[in-house]
Amino acid sequence: EAKKKGKNTYQFFTEDLDCILKRKQQIENGLWKAIERQELQLYYQPQIEIKSGKLVGVEALLRWFPSFGNISPSEFIPIAEESGAIIGIGEWVLKKACKQLKDWEEAGITNIKLAFNVSARQFTDPYFFEKVKNVLSSLQINTCNLEIEITETMMLDIKSAMGIIEQLKKLGVRIAIDDFGAGYSSLNILKRIEIDTLKIDKSIIDDALKSNRNMSILTAIINVGTCLDNTKVIMEGIETSEQIKLLRDFNVIGQGYYYGKPEKVTEIEKKWFGKP
Ligand code: C2E
Ligand code: MG
Ligand code: MG
Ligand code: MG
């Protein structure tokens, strides 16, 4: 009996695993074709100066609409990274984001920053810097409105990362550290690079109301960013008015469902630029 049950469990497990691997394979295959099939889109999420309620920027977030249904970036981005498909996809994001910034610039909207995400794999691509440089020079955009978001983990090899960051900064591109406070945050990064934007991870605000200790941590992290000259602080994942209340006395920018979810460019333009 036990043997039989064991066998069944084993079978169940392999079927499960089989299913997971098949989905992963399907996603990977789909990712390689996503660009030519025109299945990718950039959505934009507003970034609002909390004190004034003014829109100061947007973050471009990748969306993929394959024929087989809904899939979130947290599922497909890691597979794109692992397979290498992120190199092509990341280049698509770069071009699309820069083109959008150019369009807004031409429409007279020149005071809005546009941020996009890059992954570690792109950052170690020896052609990454050249790709950025080429897109910028072919579009002739105002680089001070363009921001590149990198995460702490991408700084693990700080020496090689520093080189690219310095080059990007020379082009006038802004650098944001994303998800700060989520991983092995190191203040060392802040000593080494003049970060333009410090994006504090959602978990920090989520936990703030749970204890005084967590509230102190929120305050301390915000102060680190606001004390640095020329560094802006963005609080990610703001969902409630209680959270807004906590942040009112700080000089921070908010990004989260409270202000708006990532949306199509037409929606953003309607809501924030008063376009019909
Ligand atoms: P991220 O860069 O930290 O982006 C913020 C994520 O938090 C987004 O998820 C956004 O939709 C979500 N978010 C924003 N406000 C709230 C909120 O109030 N509540 C909750 N629960 N979530 C909120 P999304 O779009 O699913 O993207 C997930 C991650 O995938 C991103 O995290 C980023 O690391 C990665 N990603 C997205 N687009 C790109 C891209 O174009 N290139 C690369 N390399 N990575 C990307
Ligand atoms: Mg981001
Ligand atoms: Mg983040
Ligand atoms: Mg500052």
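Data block above holds the structure.
One structure accompanies this document, and this report is about it. Treat the numbers as computed from the prediction; the structure is a model and nothing was measured. Residue positions within a chain follow its written sequence, with the count starting from 1. All chains are assigned letters beginning at A, and all ligands numbers beginning at 1, according to the order in which they are written. Reporting in this predicted model follows two pLDDT cut-offs: at least 70 for local features of residues, and 80 or more for side-chain atom pairs to be given and counted; totals over whole chains, interfaces and linings ignore these cut-offs and use all residues. Where side-chain values are given, they derive from all heavy atoms of the structure, hydrogens and water being excluded.

The next thing to look at is the coordination of the magnesium ion (ligand 2). Note on the magnesium ion (ligand 2): its protein donors are E59 (OE), N117 (OD1), E149 (OE) and D178 (OD). The metal-donor distances range over 2.0 to 2.2 Å. Each metal site is built from N, O and S donor atoms within 2.8 Å (3.2 Å for Na, K and Ca), and since water is not included, such sites may look incomplete. Look at where the donors of the magnesium ion (ligand 2) fall in the sequence and you get E-x57-N-x31-E-x28-D. In this structure, the magnesium ion (ligand 2) lies 4.2 Å from the magnesium ion (ligand 3), and both are coordinated by D178. A residue pair is termed long-range when its members are at least 10 positions apart, and N117 in strand β3 (residues 113-117) and E149 in strand β4 (residues 146-151) qualify at 32 residues. You can call N117 partly exposed: its relative accessible area is 27%. Strands here are runs of E lasting at least two residues and helices are runs of H or I lasting at least four, both read from the DSSP assignment and numbered beginning at the N terminus. Per-residue accessibility, obtained with a 1.4 Å probe over protein chains only, is compared with the maximum for each type, and a residue is labelled buried under 20%, exposed over 50%, and partly exposed between these values.

It is at 10 Å that the axes of helix α3 (residues 86-106) and helix α5 (residues 128-139) come closest, and there the two elements cross at 25°. Here α3 lies roughly parallel to α5, going by the angle between them. In the crossing of α3 with α5, the sense of the turn from one axis to the other is right-handed. Where α3 approaches α5, its residues I87, E91, L94, K95, C98, K99 and K102 are matched on the opposing element by K131, V132, V135, L136 and L139. Only Asp, Glu, Lys and Arg are considered charged, only Ala, Val, Leu, Ile, Met, Phe, Trp, Tyr, Cys and Pro nonpolar, and every remaining residue, Gly among them, polar. Class assignment for the residues of the contact of α3 with α5 results in seven nonpolar, no polar and five charged. With axes taken as lines fitted to C-alpha atoms, and helix axes fitted only over the stretch in contact, angles between N-to-C directions fall between 0 and 180 degrees. An angle below 35 degrees is treated as roughly parallel, one above 145 as roughly antiparallel, one from 65 to 115 as roughly perpendicular, and anything else as oblique. For any helix crossing, the convention is left-handed if the near helix is rotated counterclockwise from the far helix by under a right angle, and right-handed if that rotation is clockwise. Every residue pair with non-hydrogen atoms within 4.5 Å of one another is taken to be in contact.

Time to look at the layout of surface pockets. Here a cavity denotes a set of grid points, spaced 1 Å apart and computed over the protein atoms alone, in which a 1.4 Å probe fits but from which it cannot get out, and a pocket denotes an open set meeting protein on both sides within 12 Å along at least five of seven lines; residues with an atom within 4 Å of a point are reported as lining. Grid points are joined across faces, edges and corners, and a volume is the space filled by probe spheres set on the points. Its boundaries defined by the atoms lining it, the largest pocket holds a volume of some 1,000 Å³. E59, L61, P73, N117 and D178 are the residues nearest the centre of the largest pocket, which is lined by 37 residues in total. If you list the elements that add at least two residues to the lining of the largest pocket, you get β1 (40-49), β2 (54-64), α2 (73-83), α3, α4 (120-123), β4 and β5 (174-180). Ranked by residues supplied to the lining of the largest pocket, first place goes to β2 with five residues. Classifying every residue of the lining of the largest pocket gives 14 nonpolar, twelve polar and eleven charged.

Moving on to the pairing of β5. Counting buried positions over the seven residues of β5 gives six, a clear majority of the element. The sheet contact formed by β4 and β5 spans five bridges and is parallel. In the strand pairing of β5, T151 is matched with D178. Seen with the strands pointing away from the viewer, any crossover whose path from the first strand over the helix to the second strand runs clockwise is right-handed. At this point the chain moves from β4, through helix α6 (residues 158-170), to the parallel β5, and the crossover so formed is right-handed. For two strands to be treated as a pair, DSSP must find no fewer than two bridges joining them. Here β5 runs beside strand β6 (residues 197-200); their pairing, made up of three bridges, is parallel. Bridge pairing links F180 to I200 in β6.

Here the focus is empty space enclosed by the protein. In this structure the tally under the stated criterion is one cavity of 30 Å³ or more. Size it by volume and the largest cavity reaches roughly 50 Å³. I87, G90, E91, L94, Q122, D125, F128 and K131 are the residues that line the largest cavity. Sorting the residues of the lining of the largest cavity by element identifies α3 and α5 as the ones contributing at least two each. Among the elements that line the lining of the largest cavity, the one with the most residues is α3, at four residues. Its residues assigned to classes, the lining of the largest cavity shows three nonpolar, two polar and three charged.

With that settled, the discussion passes to the nonpolar core. In terms of nonpolar packing, the biggest core is built from 77 residues, with F123, I150, L168 and L247 touching the most fellow members. I150 has contacts with V118, F123, M155, I165, I175, A176, I177 and D178, leaving out every residue within four places of it along the chain. Each nonpolar core is a collection of buried residues, namely Ala, Val, Leu, Ile, Met, Phe, Trp, Tyr and Cys, held together in the definition by side-chain atoms within 4.5 Å.

This part covers a nonpolar patch on the surface. Put simply, a patch holds well-exposed residues, over 30% relative accessible area, that have no salt bridge, with like charges counted together within 9 Å and Val, Leu, Ile, Met, Phe, Trp or Tyr side chains within 5 Å. The method behind every accessible area is Shrake-Rupley, applied with a 1.4 Å probe, and residues are considered shielded solely by the protein chains displayed. The rule for a salt bridge is simple: a side-chain nitrogen of Lys or Arg has to be within 4 Å of a carboxyl oxygen of Asp or Glu. Residues L17, I20 and L21 make up a contiguous nonpolar surface patch of roughly 280 Å² in combined accessible area. By the secondary structure assignment, L17 is in helix α1 (residues 2-33). A residue is classified by how much of its surface remains accessible, and L17, at 38% relative accessible area, is partly exposed.

Once that is clear, we can look at the packing of aromatic side chains. Here a pair means two rings of Phe, Tyr or Trp (six-membered ring of Trp) with centres within 6.5 Å. Their orientation is stacked below 30 degrees between planes, edge-to-face above 60, and tilted elsewhere. Inspection of every chain in the model, using the stated rule, returns seven aromatic pairs. Measuring from centroid to centroid gives 5.2 Å for W104 and F273, while their planes differ by 90°, and the two rings are edge-to-face. Of this pair, W104 sits in helix α3 while F273 sits in the segment after α11 (265-272), and the two are 169 residues apart along the sequence. Look at W104 and you get buried, because its relative accessible area is 2%. Through successive ring pairs, a cluster of aromatic residues spans Y44, W104 and F273. The criterion for a charge sitting over a ring is simple: Lys NZ or Arg CZ within 6 Å of the ring centre, and within 35 degrees of the ring normal. Its guanidinium or amino end placed over the ring of Y257, K261 lies 4.7 Å from that ring's centre, counting from NZ or CZ.

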